[in-house]
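# Summary of the model geometry
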Amino acid sequence: MKTKRIWILLLAIGVLVMVMGASAEEAAPRADEVSCTASVTLLASKSVTFRCAAMFPQSSIYVESCWLEVWMSGTWMRVRELTPPSTVVTNALLFNTTKSYADKIGSGTFRVGATFNVGGHTVTRRSEQRSF
Amino acid sequence: MTGDLSVIQEIREKIAKGAISAEEAAKELEAAVEAECSKADANVDYINACEDMLLEIRNGGEWPAFPTAKQYTAAMRRHIGAKQEAKAFPKYARRCTAVLATMLVMLLVWGNHVFRWQWYTENTTEDEQQFVIRGHEVVVSAFPPSVAEYHSDEVINTEDWDEVTAFLGFEPELPQVGHLGFEPLMYGAATDPTAVMLYVCYQSQWDPERYLTYAIHCVTDVAEAYFTFEQNDHGEYRSIGGQKVYCAQNINAPMFVWSEEGREGIHFLSGHITFEEGRQIIEIFSERGGEK
């Protein structure tokens, strides 16, 4: 009887873990249903190219927020908020702009993160790291 | 006349009996030579006898063998040869300098064209959410091309094809999708420091909720080129119309990425079509070179 209870308990835990796993998968959606390209590129000149292309025309596309991360003690740390580019494209398919942050980026290994607003839908992407 | 040759004989006997070591005998002989040399009437024969014995001790009891005339001549020739080789080095160095100078001139004059290596890498991001094409470039030149070839940062979104061609400065070829009921809805074109790109959104005439996107990216700065394409997870390469095409899914839409020879153009196709329809579009595009 006791063994049976243990087996039921283990089975319940197993089911719980599977359900939680499935939920986590849903909570972290892959791909993007609105944009087909969303990228942030940190250039050697310390300028950043923000590029976002929607799958179909959007009422507006712009960069909602933008920040700088530095590689420190084996981890990425968000060190400062950057002023996002002021460009807003309306009734648009493609957003592409470059903004210089040379005065905000010093020496070290950095990457830039940005959240695009694509017709009300947001998508966050980070650049590849770059050392200066 | 000073210097008693019997002293040398005594030392020799001591060594033979083992009363003193070779080192001690050598020290005694050196002291004897030094003492004899300091005298005004030094006995040269005595000094020579001491030095002969020192030489014998230092050679392990054997009298050193002097080279024959033949050996001496051969050694001298080797010595002279080595000197001649050493003399030849500056001439070789001068030749090397001349070659390097020529290369430097070529580097400065044709460096941008000759000493340039470009390549691309393709990979899926760690979370498999994006397919990335990244350019790499090594230019052995005094002036980096990224500065010389800088393009201004502009973007247009329009429904007017003529406006697009005027913006781009050329008329790009587009894939044939009319047979699937798709018509161009909007164009997005942009130039930035790394590329000139065109995105075309097609809408289905049969179902307005179905869209198709075709894009071409013409790379202007390979070193900084960086293109990402959204995807569900890592796809696979397939051969379509003689092209090596990367195929994946973005949500429920098939996604295709391929590039031309030399990678001047990177093509992208994705939308509400089946994989088979996408394959046909790419095949026709590759064979016919596209249509407006």
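About the criteria used
Residues numbered from 1 in each chain as written. Chains lettered and ligands numbered in written order. Predicted model: local features only at pLDDT ≥ 70, side-chain atom pairs only at ≥ 80, totals over all residues. Helix = DSSP H or I, 4+ residues; strand = E, 2+ residues; numbered from the N terminus. Buried ≥ 20, exposed ≤ 12 C-beta atoms within 10 Å, placed from the backbone. Contact = placed C-beta atoms within 7 Å. Nonpolar A, V, L, I, M, F, W, Y, C, P; charged D, E, K, R; others polar. Core = buried A, V, L, I, M, F, W, Y, C linked by C-beta atoms within 7 Å. Expected span 1.5 Å × (residues − 1). Pairing = 2+ DSSP bridges. Axes fitted to C-alpha atoms, helices over the stretch in contact; angles between N-to-C directions. Parallel < 35°, antiparallel > 145°, perpendicular 65-115°, else oblique. Left-handed = near helix turned anticlockwise from the far one by under 90°. pLDDT = per-residue confidence, 0-100.

### Some remarks on the overall build of chain A
Across its full length, chain A carries one helix and seven strands. Along chain A, from the amino end to the carboxyl end, the secondary structure elements read α-β-β-β-β-β-β-β. Sorting the 132 residues of chain A into buried and exposed places 33% on the buried side. For chain A, the proportion of contacts with a sequence separation of at least 24, taken over those separated by at least 6, is 61%.

### Some details on the overall build of chain B
Scanning chain B for helices and strands turns up seven helices and 11 strands. Counting the 292 residues in chain B, one finds 27% classified as buried. Within chain B, residue pairs in contact and separated by at least 24 positions form 56% of the contacts whose partners lie at least 6 positions apart.

### Focus: the interface of chain B and chain A
Across the boundary between the two partners, chain B contributes 28 residues, which contact 26 residues of chain A. Listed by contribution, the elements that provide at least two residues to the side of chain B that touches chain A are strand 3 (154–158), strand 4 (182–191), strand 5 (195–204), strand 6 (211–219), strand 7 (226–230) and strand 11 (265–271) of chain B. Residues belonging to the side of chain B that touches chain A are distributed by class as follows: 12 nonpolar, 11 polar and five charged.

### Overview of the nonpolar core
In this structure, Met197, Leu198, Tyr199 and Val257 of chain B are the most contacted members of the largest nonpolar core, which totals 73 residues. For this core, the element with the highest residue contribution is strand 2 (residues 47–72) of chain A, accounting for 11 residues. Setting aside its immediate chain neighbours within four residues, Met197 of chain B contacts Ala189, Ala190, Ala215, Ile216 and His217 of chain B. Counting five residues, the second-largest nonpolar core is a separate cluster that includes Ile11, Leu29, Ala32 and Cys50 of chain B.

### What about helix 3 (residues 44–58) of chain B?
The first and last C-alpha atoms of helix 3 of chain B sit 21 Å apart over 15 residues, in line with the 21 Å expected at 1.5 Å per residue. Following helix 3 of chain B by one or two positions, Gly60 of chain B has its phi on the positive side, about 70°.

### What to know about the sheet that holds strand 6 of chain B
Sheets are built from strands paired through backbone hydrogen bonds, the pairs being either parallel or antiparallel. Residue and element names in this part refer to chain B. Across the sheet, eight strands lie side by side as 3-4-5-6-11-10-9-8; this open sheet has antiparallel pairing. In this open sheet, the two strands that pair with only one neighbour each are strand 3 and strand 8 (236–240). With direction set aside, neighbouring strand axes in the sheet form an average angle of 20°. Sheet analysis places strand 4 next to strand 5, joined by nine bridges and oriented antiparallel. The partner of Gly188 across the bridge, within strand 5, is Tyr199.

### Regarding the packing of helix 1 (residues 5–17) of chain B against helix 2 (residues 22–37) of chain B
All names here are of chain B. Between helix 1 and helix 2, the least distance of the axes is 10 Å, while the angle of their chain directions is 170°. As judged from the angle between their axes, helix 1 and helix 2 are roughly antiparallel. The residues of helix 2 that touch helix 1, namely those facing Val7, Ile11, Lys14 and Ile15, are Ala22, Ala25, Glu28, Leu29 and Ala32.

### Some words on the packing of helix 1 of chain B against helix 3 of chain B
All names here are of chain B. Following both chains from N to C, one finds helix 1 and helix 3 inclined at 15°, their axes separated by 9 Å at the closest point. Accordingly, the angle class assigned to the pair helix 1 and helix 3 is roughly parallel. Here helix 1 and helix 3 pass one another in a crossing that is right-handed. Across from Leu5, Ile8 and Arg12 in helix 1, the residues of helix 3 making contact are Tyr46, Ala49, Cys50 and Met53. Taken together, the residues of the contact of helix 1 with helix 3 sort by class into six nonpolar, no polar and one charged.

### Details of unusual backbone geometry
Across the chain, the bulk of peptide bonds are trans and the bulk of non-glycine residues have phi less than zero. The phi dihedral of Lys46 of chain A falls on the positive side, at around 70°, and the residue is not glycine. Among the secondary structure elements, Lys46 of chain A is positioned in the loop between strand 1 (35–42) and strand 2. A residue is classified by how many C-beta atoms lie within 10 Å of it, and Lys46 of chain A, with 17 of them, is partly exposed. One non-glycine residue, Ile251 of chain B, lies in the positive phi region at around 55°. Residue placement: Ile251 of chain B occurs in the loop between strand 9 (243–250) and strand 10 (253–259).

### Quick look at the environment of Tyr214 of chain B
Residue and element names in this part refer to chain B. Looking at the element boundaries, Tyr214 is found in strand 6. For the pair formed by Tyr214 and Gly271, sequence separation is 57 residues and the distance between their alpha carbons is 8.6 Å. Apart from residues no more than four positions distant in its own chain, Tyr214 is found in contact with Leu174, Pro175, Val200, Phe268 and Leu269.

### Notes on helix 1 of chain B
Residue and element names in this part refer to chain B. With 13 residues, helix 1 should cover 18 Å at 1.5 Å per step; its first-to-last C-alpha distance of 19 Å lies within 8% of that length. Helix 1 sits mainly on the outside: one of its 13 residues count as buried. Remark: Gly18 follows helix 1 within two positions and exhibits a positive phi of approximately 85°.

### What about the environment of Thr122 of chain A?
Here Thr122 of chain A is to be found in strand 6 (residues 121–126). In this structure the C-alpha to C-alpha distance between Thr122 of chain A and Ile61 of chain A, which are 61 residues apart in sequence, comes to 9.7 Å.

### Section: the confidence of the model for chain B
When the pLDDT values of chain B are averaged, the result is 79; 77% of them are 70 or greater. Segment residues 142–150 of chain B is flagged for pLDDT under 50; beyond a separation of four residues in sequence, or across chains, it makes 13 contacts in the model.

### A look at the pairing of strand 9 of chain B
Residues and elements named next belong to chain B. Relative to strand 9, strand 8 is paired through five bridges, and the arrangement is antiparallel. Paired with Tyr237 across the strands is Tyr246, a residue of strand 9. The antiparallel hairpin formed by strand 8 and strand 9 contains two residues in its connecting segment, where Gly241 sits at a positive phi of about 55°. Pairing geometry for strand 9 and strand 10, over five bridges, is antiparallel. Bridge pairing in strand 10 places Gln249 opposite Pro254. Counting the residues that bridge the hairpin from strand 9 to strand 10 gives two residues, and of these Ile251 lies at a positive phi of roughly 55°.

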